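These are the residues of each chain, in order.
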Amino acid sequence: MSIYKYILLPYFLFSISVGAEDYLWPTNASKTITGVFGDIRPFRYHTGIDIRTYGINGLDIYAIQDGYISRIAVSTSGYGKVVYIKMKDGNTSVYAHLDRFNEKLELIKEQLQKQCDCFSFNHTFSPDQYPIKRGEVIGYTGDSGSLSGPHIHFEIRNKKGEPFNPLLTNYTIKDDIPPTPKKLIITNLNKESYINGLPKITEFDLEKISDTKYVINGIISVSGEIGISAEIYDKINDQPFNFGLYRIKLEIDDNVIYQSEYNHINFNEGYKIYSERDYAKYSFERKKVYSLYKKNNYEPSSFVKSLPIKKISFNDRSYHKCKITASDYNGNEIEINFDLLSTKNKNTIINVKNQDKGLAIESNDEKLKSIDAYLVNELDETIISADLKIDTLSTTNYFVHNNSKILLNTLALQPIYKDGTIGPTQYHKMKSEDTMLKGKIKLVDNERGISFGFEESWFSEKQPVLGLTLDKKLYKFPLYQISSREYISDIFYPLELRDLTKASVFYLDSTVHQFSVNINSNVSISGFPLILNDKSITLKSTEKQKYVSFDESNHDDSFVYIEDYIDKNLIDGMNIMYGPFLIGPQSVPFKDEFELFYENEKKYANIGIFKYDSYNKKWKFSDNQKDDGRIKTKIKTGGIYSIIRDDEAPIITKKIPNVGSTYRHDDFNMLQYEIKDELSGIKDENSIEVLLDGEKVIIEYNTYRGIVFYELKEPLEIGTHTIEVTIKDNCDNEKRIKGNFYIK
C-alpha cells in the first residue's frame, strides 16, 4: 500500500476550557437526549445536544451557571426563540426552540418588537444589563423555529464563540449500548481502482461475532486508489433514536489512516460535513455513513485528528489487515475487521456451452479455486435459487443439468480464487430465447468524476460497448457487467469529458444496435466562472467560491450536466410548466455555488423553481426570485428540478375569531389561525398580515404547528370588531378573510 501525504500541518492536541464542573442540567423536562454533538444535518454539523421534552411545551429551562444574558433572538426559522448566557467561566450557553422567555424577558421582547414593528429580531445585552444566577428560569420548552418536533437544542460555546461537546463537562448520560454497524462501503477513486474486479462502489454485509466484534467474510480484492466508509449507528439506553458516534478510526496494517473525534467545531466549517459523510446516502436514504478517506482538497474539519489525511492506494500485491473502531462518548466500542488484497484484475474467462441436457461450464484459469453457480431472477436478483443439479468434473469444469421445474432462467457464475478473493459474476441463459434489445443510459456520479451506466430492459446475453462523442469524434470504451442487466464504465475525470455531446451504447454483432443520449455538459473548475445553457434553463456559477483549496491534489473540478428527466410518477397531478430536468452531479455536492435561472418567456404567473425530494417523495419549493424576466434560485446540489405553477391559495382553518361569530368578553384573549399551503409553502411571518380593528398586530407564526397567533394585551371592548387576515404563499397566491365579529 502506498500512502501519500498531501501536506504537513502542525497538529495541536485538542484543548478547550470546559468550565467548572458545576453546570446545572438545563431543564426539568428530562435528562434524555435525542441528538448528539457533531451529528449530521443538511450541510452542517449538529453543534449541540437535543434534549427530549416528550412533546410538552412550557417546562422550565434554567441557567446552568452564574453569568449574564448576552443575547436573545426571535425568528420563525433556525433557533426560533433563543437565549444566550455569557457565563462566569467565559463560556456561553445557548438554549433554543423556546416556547416563550421568562416574564422579564417577555416584556423586553414585546418592547423590541414594538420598536421594530416586526416579529423577528436579534438583540444583545451588555454585561451589567441582565445578570443571571445558576438555576434561574430563563424560559420554557417549546417548538419554535426550524425543527422536526419539540425539543431543546442546547449548546455550550467557548470563549471564541465556538461550540464544543457539552458531554465534555460534568454532564453524563446513561448509555451502555455499543454502536451498531450495518455496512462497509469501498469506493473506487481513480481509473486503476477496482473492487472485486469491478470499477464501482461496492457495499459489504457484516457478520456479527459478538456485541462488539464484526467481520467481513472472505478477502476483498482491490487495486488503485480507494475510499473506505462505514454505515454505523449508535444507540442510547431506553431511546428509539439512531445517534451519531463520538469517535471513529480506520487502521490499515496498524497504521492510523483516518480518525475523528467529535469534540469541537467552528461554525464556518459546516460545508465540510460532506467531506466526512456520504451526501447521497444521507439525502436519499437518511443513512449515517462515515467517509474515512480523503475525498477532496478541502481542509479537514476540526473533528479530524489524523492529519494529514492519507491517500490509500494499493499496488504492492499484498494482503492488508484493516480495522475500523467506533465508539460513543461513554466508551462503548465496536470493531470491524476485514482483509484486503492488492491484486490485478484476473479477467477470468468462463466458457459456457449449451448441450442437450444442460450447460457445460469450463475455464482454463489456474488461479481459480472453484465456480459458484446459482440461478437468479434477472428482474430482481434478490430472488435466487441454488436448487441445481451440478456435476463437478474438476475445480474449473462443471455440468449444470436442466430442470424444467425451476422457473428462473438466468445462470450466475461467481469465480472464487485460491487467494481467497472473488471475481465479477458472469451471467448466462439456461435456455436460449429471443430478447428485444432495449435499455437506458445513465450517468453515475463519483467523487472524482463520472461513469456511464447502461441498464437493459431484459438480459440479452450480448456484450455492449460504450461510445462517447467528444469534439465530434466517436471513441469506444469497455463496459463491465455488474448484474445480469446492468453495466458500468470506468471513471472519467471531468477534464476528459470536455466537448462531450453524446453517449451511446452499441451491440457489436451481425447487426449494430445503438442507444444514444445527448448530453449538455461543462466542466466546473473551482474559482472559475461557468455558464451552462439548456433551452430555457441557465446554470451559472456565482462569484463566491464555496470552498478554499487546501493542497495540491487535483480534485477541484466537477463534471456538470443537464438532461431531461422522464418519470410519469413525478408529474402526475402537478402543473409542470417546464421540465422535469436533471442537474448533475446529484450524488455529490457542488464544489462551487450555482444559480439556476428559468427564462420566463411566456410570462407565467404563480410559478417557482422546485426540487424533487427523493426521500420524502414530494416537490419542494426552492425559490422564484425575479431577475429581468427570469426567475432564479441558488442551489447547492444537483437533483431533479422543475418549473411548477402553484395556483392554489393557502388554506386558513380553525379561525379565532371567525367572521360573523360572537365571543364572550371574559373568554376571548387570543387571535389564532391554522394555516397551510401544500405546494410552495409560506415563507415566514412577513407573508402574513393581521389587522384587528384596522390596526396591524405583530403576530407569531409557528412553522412547526402551522399556527398564527396573537395574544391580546388588553380585553376587547364589548361590541363589533373587524378582523382581516391575509396569507400569501411563495408563488404569490393570496388568501384573505375579512369581516366583523362580536364581543358580548
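Quantities reported herein were computed from a predicted structural model and do not represent experimental measurements.

A.B. asks: For this particular structure, what's the right way to read the overall build of the chain?
C.D. replies: Helix and strand counts for the chain come out as four helices and 61 strands. The C-alpha atoms of the chain give 30 Å as radius of gyration, which agrees with the globular expectation for 744 residues (27 Å, within 12%). If you line up the chain on its principal axes, its C-alpha atoms span 100 × 65 × 55 Å. In the chain, which comprises 744 residues, the share counted as buried stands at 55%.

A.B. asks: Would you mind going over the side chain of Asn-196 with me for this structure?
C.D. replies: Tracing the backbone through its elements, the reader meets Asn-196 in the loop between β16 (194-195) and β17 (202-205). Accessibility expressed as a relative area gives 10% for Asn-196, which makes it buried.

A.B. asks: Would you explain the sheet that holds strand β50 (residues 625-627) in this entry?
C.D. replies: Pairing is antiparallel in the open sheet, where five strands are placed in the order β43-β44-β47-β51-β50. The open sheet is flanked by β43 (531-534) and β50, the only strands paired with a single partner. When the angles between neighbouring strand axes are averaged without regard to direction, this sheet yields 25°.

A.B. asks: Mind showing me how you'd approach the pairing of strand β52 (residues 639-645) here?
C.D. replies: The buried fraction of β52 amounts to six of the seven residues, a majority that puts the element mostly inside the structure. As paired strands, strand β46 (residues 576-584) and β52 are joined by five bridges and run antiparallel to one another. In the strand pairing of β52, Phe-581 is matched with Tyr-641. One ladder, built from five bridges, connects strand β48 (residues 607-613) with β52; its direction is antiparallel. For Lys-611, the partnering residue across the bridge sits in β52 and is Tyr-641.

A.B. asks: Honestly, helix α1 (residues 103-116) in this entry has me stumped. Any pointers?
C.D. replies: Note that an α-helix has 3.6 residues per turn; residues three or four places apart therefore point the same way. In this model α1 runs 20 Å from its N-terminal to its C-terminal C-alpha over 14 residues, within 8% of the 20 Å that 1.5 Å per residue would give. Regarding α1, the residues found buried are Leu-105, Glu-106, Ile-108, Lys-109, Leu-112 and Gln-113. Down the axis of α1, the smallest arc covering the buried residues is 160°, so these residues share one side. Looking at α1, the residues exposed on the side facing more than 90 degrees away from the buried face are Glu-103, Lys-114 and Gln-115. Immediately downstream of α1, the backbone of Asp-117 shows phi near 50°, a positive value.

A.B. asks: Can you walk me through the environment of Glu-599 in this structure?
C.D. replies: Position of Glu-599 among the secondary structure elements: in strand β47 (residues 594-599). Sequence-wise, Glu-599 and Asp-627 are 28 residues apart; in three dimensions their C-alpha atoms are separated by 9.3 Å. The contacts of Glu-599, once residues within four sequence positions are left out, are Ser-536, Gly-629 and Arg-630.

A.B. asks: What exactly am I supposed to notice about the state of the cysteines here?
C.D. replies: Covalently bonding the sulfur atom of one cysteine to the sulfur atom of another cysteine gives a disulfide. A complete count under the given rule lists one disulfide for this structure. Across the disulfide from Cys-116 sits Cys-118; the S-S distance is 1.9 Å. Across the S-S bond of Cys-116 and Cys-118 the torsion is about -95°, and the bridge reads as left-handed. A relative accessible area of 24% means that Cys-118 is categorised as partly exposed.

A.B. asks: When you look at empty space enclosed by the protein in this model, what are you seeing that I'm missing?
C.D. replies: Any space left empty among the atoms is revealed by the rolling of a water-sized probe across them. Tallied over the full model, the rule gives six cavities of 30 Å³ or more. Considered as a void within the structure, the second largest cavity measures approximately 110 Å³ in volume. Along the walls of the second largest cavity sit 14 residues, with Val-36, Leu-167, Gly-244, Tyr-246 and Tyr-329 positioned nearest its centre. Across the lining of the second largest cavity, the residue classes tally to nine nonpolar, two polar and three charged.

A.B. asks: Explain the packing of aromatic side chains here, please?
C.D. replies: Two measures describe an aromatic ring pair: the distance that separates the ring centres and the angle between the ring planes. Evaluated as defined, the whole model comprises 31 aromatic pairs. Where Tyr-95 meets Phe-154, the ring centres are 5.5 Å apart and the plane angle is 50°; that geometry is what we call tilted. Taken together, the residues Tyr-95 in strand β9 (residues 92-101) and Phe-154 in strand β13 (residues 151-157) connect sequence positions 59 residues apart. Side by side, Tyr-95 and Phe-154 carry an identical accessibility label, which is buried. Here the aromatic cluster, defined as three or more aromatic residues joined through ring pairs, consists of Tyr-23, Trp-25, Tyr-95, Phe-154 and Tyr-171. Over the ring of Tyr-84 we find Arg-71, and its NZ or CZ is 4.1 Å from the ring centre.

A.B. asks: Any chance you could explain the confidence of the model for the chain here in plain terms?
C.D. replies: Interpreting fine coordinate detail is not advised for predicted regions of low pLDDT. Residues at a pLDDT of 70 or more form 95% of the chain, whose mean pLDDT is 92. In the model, residues 1-17 has pLDDT below 50 throughout and makes 44 contacts with residues more than four positions away in sequence or in other chains.

A.B. asks: Which parts of the structure should I look at to understand unusual backbone geometry?
C.D. replies: A cis geometry characterises the amide bond from Leu-307 onward to Pro-308, with omega recorded as -5°. Residue position: Pro-308 is located in the loop between β22 (289-291) and β23 (311-314). For Asp-628, which is not a glycine, the phi torsion comes out positive at approximately 55°. Tracing the backbone shows Asp-628 in the loop between β50 and β51 (630-635). With a phi close to 45°, Lys-654 is a non-glycine residue in the positive phi region. You can see Lys-654 is positioned in strand β53 (residues 651-656).

A.B. asks: Would you take a moment to explain the environment of Asp-99 for this structure?
C.D. replies: Its location among the elements puts Asp-99 in strand β9. Classification of Asp-99 by relative accessible area gives partly exposed; the value is 21%. Here the alpha-carbon distance between Asp-99 and Gly-80, two residues 19 residues apart in the chain, equals 8.7 Å. The residues touching Asp-99, leaving out its near neighbours within four places in the chain, are Asn-57, Lys-81, Tyr-140, Thr-141, Gly-142 and Arg-705. A polar atom in the side chain of Asp-99 sits 3.3 Å from the side chain of Arg-100.

A.B. asks: What is the right way to read the side chain of Thr-421 from this model?
C.D. replies: Position of Thr-421 relative to the elements: it lies in the loop between β32 (410-417) and β33 (426-429). Assessed through its relative accessible area of 0%, Thr-421 is described here as buried. Side-chain polar atoms of Thr-421 contact the side chain of Asp-419, separated by 2.6 Å. Setting aside anything within four residues of it in sequence, one finds Thr-421 in contact with Ile-219, Ile-220, Ser-221, Leu-341, Lys-346, Pro-415 and Ile-416.

Definitions and cut-offs
Residues numbered from 1 in each chain as written. Predicted model: local features only at pLDDT ≥ 70, side-chain atom pairs only at ≥ 80, totals over all residues. Heavy atoms only, no water. Helix = DSSP H or I, 4+ residues; strand = E, 2+ residues; numbered from the N terminus. Rg over C-alpha atoms; globule rule 2.2 N^0.38 Å. Buried < 20%, exposed > 50% of the residue type's maximum accessible area, 1.4 Å probe, protein only. Pairing = 2+ DSSP bridges. Axes fitted to C-alpha atoms, helices over the stretch in contact; angles between N-to-C directions. Expected span 1.5 Å × (residues − 1). Arc of directions from axis to C-beta. Contact = heavy atoms within 4.5 Å. Disulfide = S-S within 2.5 Å. 1 Å grid on protein atoms, 1.4 Å probe; cavity = no way out; pocket = protein on both sides within 12 Å on 5 of 7 lines; lining within 4 Å. Points joined across faces, edges and corners; volume = space filled by probe spheres on them. Nonpolar A, V, L, I, M, F, W, Y, C, P; charged D, E, K, R; others polar. Phe/Tyr/Trp six-rings, centres within 6.5 Å; stacked < 30°, edge-to-face > 60°. Lys NZ or Arg CZ within 6 Å of the ring centre and 35° of its normal. pLDDT = per-residue confidence, 0-100. Polar contact = N/O pair within 3.5 Å; in protein donor to acceptor, adjacent residues only side chain to side chain.

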